[in-house]
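# Breakdown of the fold
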Amino acid sequence: MKYAYYPGCSLSETAKEFDVSTRKALARLGVELAEIPDWTCCGASAAEAVSELLSLALPGRNLALAGRELPGLDVLAPCSACYLNLLRVEKKTERDPDARRRIDEALSVQNLALPGTMRVRHLLDALVNDVGLPAIAEKVVSPLEGLKAAPYYGCQILRPYAEFDDPERPRTMALVLEALGAEPLDWRLSATCCGASLMASKKEAALPLVGNILRAARDAGADVVATVCPLCQMNLEAYQSEADPKGPVPLTVAYLPQLMGLAFGMDPEEVMFGKNMAVAPGFLAGAPALA
Amino acid sequence: MATSVKNPAPQDEASRNLKAIREMVAACMQCGTCTASCPNYPSMDLAPRRLWRLAVMGLTEDIFASRTFLLCSNCYACTLRCPRGLPLTEAMAALKRMAAARETKWGGRKTQFYRTFLDNVRRWGRVQETDMMMRYFLDMKDPLLPLRYTPLGFRLLRKGKIGPPHSAQSGRLAGLFEKVKEMEARP
């Protein structure tokens, strides 16, 4: 099993632990990731707020590179915004030949063109539908027994394109957590917005959203909130004292592949738990290297 | 004449853009599912339902006096639930684009974050978050704004999550940005 890997900008800087843990967890599952050479930014959620054509040409460039350098491989993107931007190019060009023509014309300055067919996949999609839950469970050496995990999906991997899960009541991450031996929680805000980049541009609007999510996870009895998006992760882990000042201790927030790493017997440092900004005291006490 | 970032959207382009948005929401039946689904509604001065009514009525200035569309965080809850199946999140993005074009021409900082972000992409090829936020603070010309992020900045620094820009892809996208600008300036 092999994918063209698009890490995206966040995973190269503030979310390095998401990149490293994704690579390590997938390697353990026998999945090969070939990083798209010379990839560039997908435009995040900013490009479409400035230029529609750029919002398609920026992700389009990466799909064109993948098609040329790694032909035939599905493109795997762990970040929600990257995934949606890349997927949008796949979807829009499927039904709008004019969109494809415009993207190709823009890309022609770099002697690039979109490949004939593109298939963009999210990490959860690959885990559940390609790797499969039994293969994940098989690699578990230290099951996350008794760990109450609140899966947090965010928005853009579910909407507007519901490719691999229910856009209102998603369950793929709960299935993976279960395969790791954890106890996934059914809680009400698992697919509700964290405010995304409003945390940078309109902080007073985003803080209450983060506060609601943290309180709902606590009320459900969560030991950890599991994420699959660098912006969700940052918003939920870095603003806890501002968004939920009455919260007793940090509520642990971790990337799903970091939890996979722990269940696969990896040392917390191997999946870079040192980078996490909200880890409750004692959370890692049962982890292999510290046991 | 070609438009550019410095010399952007003439008025006819603004009305053309609003016409496109009107068409996107023309079938709106004012049910309010969008408002009820919006996580950011409590921070908005105008409910999304009312914003779409203004768009249908072509009340451009009322729309741009509001900050509702700038509070859209692209969660697509309204798009998912709209009983008419209207592309509401895309319409919000189109309003952001119109506002960005107006501000580029006449000044204003409501869309500054998006413009600074994209300029960072143009310069570096890959977003350099540290450099981007520094420039955003400078662009906003609000001396108090950085203070709201200073504690976080130190924590990120301690965690080794931020640092000087990596320049391997620097300038890689300049040609693409130029080409897109040229294409968008066509009548």
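These remarks concern the structure in this document. (Residues numbered from 1 in each chain as written. Chains lettered and ligands numbered in written order. Predicted model: local features only at pLDDT ≥ 70, side-chain atom pairs only at ≥ 80, totals over all residues. Heavy atoms only, no water.)

Turning to the overall build of chain B, a few remarks are in order. Assigned secondary structure in chain B consists of 10 helices and zero strands. Its C-alpha atoms put chain B at 50 × 45 × 30 Å along the principal axes. Taking all 187 residues of chain B together, 49% fall into the buried category. A sequence separation of at least 24 residues applies to 58% of the contacts in chain B between residues at least 6 apart. By element, 56% of the accessible surface of chain B is carried by carbon and sulfur atoms, the whole surface being about 9400 Å². Chain B carries 31 positive and 16 negative side-chain charges, and their two centres are separated by 5 Å. (Helix = DSSP H or I, 4+ residues; strand = E, 2+ residues; numbered from the N terminus. Buried < 20%, exposed > 50% of the residue type's maximum accessible area, 1.4 Å probe, protein only. Contact = heavy atoms within 4.5 Å. Areas by Shrake-Rupley, 256 points an atom, 1.4 Å probe, with all protein chains shown as cover. Lys, Arg positive; Asp, Glu negative; His and termini not counted. Charge placed at Lys NZ, Arg CZ, Asp CG, Glu CD.)

With that settled, consider the packing of helix 7 (residues 112-124) of chain B against helix 8 (residues 129-140) of chain B. Residue and element names in this part refer to chain B. Axis separation between helix 7 and helix 8 bottoms out at 9 Å; the angle between their running directions is 135°. Put simply, helix 7 runs oblique to helix 8. Seen from above, helix 7 lies across helix 8 with right-handed handedness. Counted together, Gln 112, Phe 113, Thr 116, Phe 117, Asn 120, Arg 123 and Trp 124 of helix 7 and Asp 131, Met 132, Met 133, Arg 135, Tyr 136, Asp 139 and Met 140 of helix 8 form the full contact between these two elements. Looking at side-chain class alone, the contact of helix 7 with helix 8 contains seven nonpolar, three polar and four charged residues. (Axes fitted to C-alpha atoms, helices over the stretch in contact; angles between N-to-C directions. Parallel < 35°, antiparallel > 145°, perpendicular 65-115°, else oblique. Left-handed = near helix turned anticlockwise from the far one by under 90°. Nonpolar A, V, L, I, M, F, W, Y, C, P; charged D, E, K, R; others polar.)

Regular strands show a simple pattern: their side chains alternate between the two faces of the sheet. Residues and elements named next belong to chain A. Burial along strand 8 (residues 252-255) is two-sided: Thr 252 and Ala 254 facing one way and Val 253 and Tyr 255 facing the other are all buried. Both strand 7 (residues 224-227) and strand 8 contribute to a ladder of four bridges, which runs parallel. Following the sheet pairing, Thr 227 is matched in strand 8 by Tyr 255. (Pairing = 2+ DSSP bridges.)

Residues and elements named next belong to chain A. Spatial strand order, 6-5-7-8: four strands in an open sheet with parallel pairing. If you trace the sheet from one side to the other, it starts and ends with strand 6 (183-184) and strand 8, each paired once. Sheet contacts for helix 7 (residues 172-179): strand 5 (148-151), strand 6 and strand 7; angle to strand 5, the most-contacted strand, approximately 155°.

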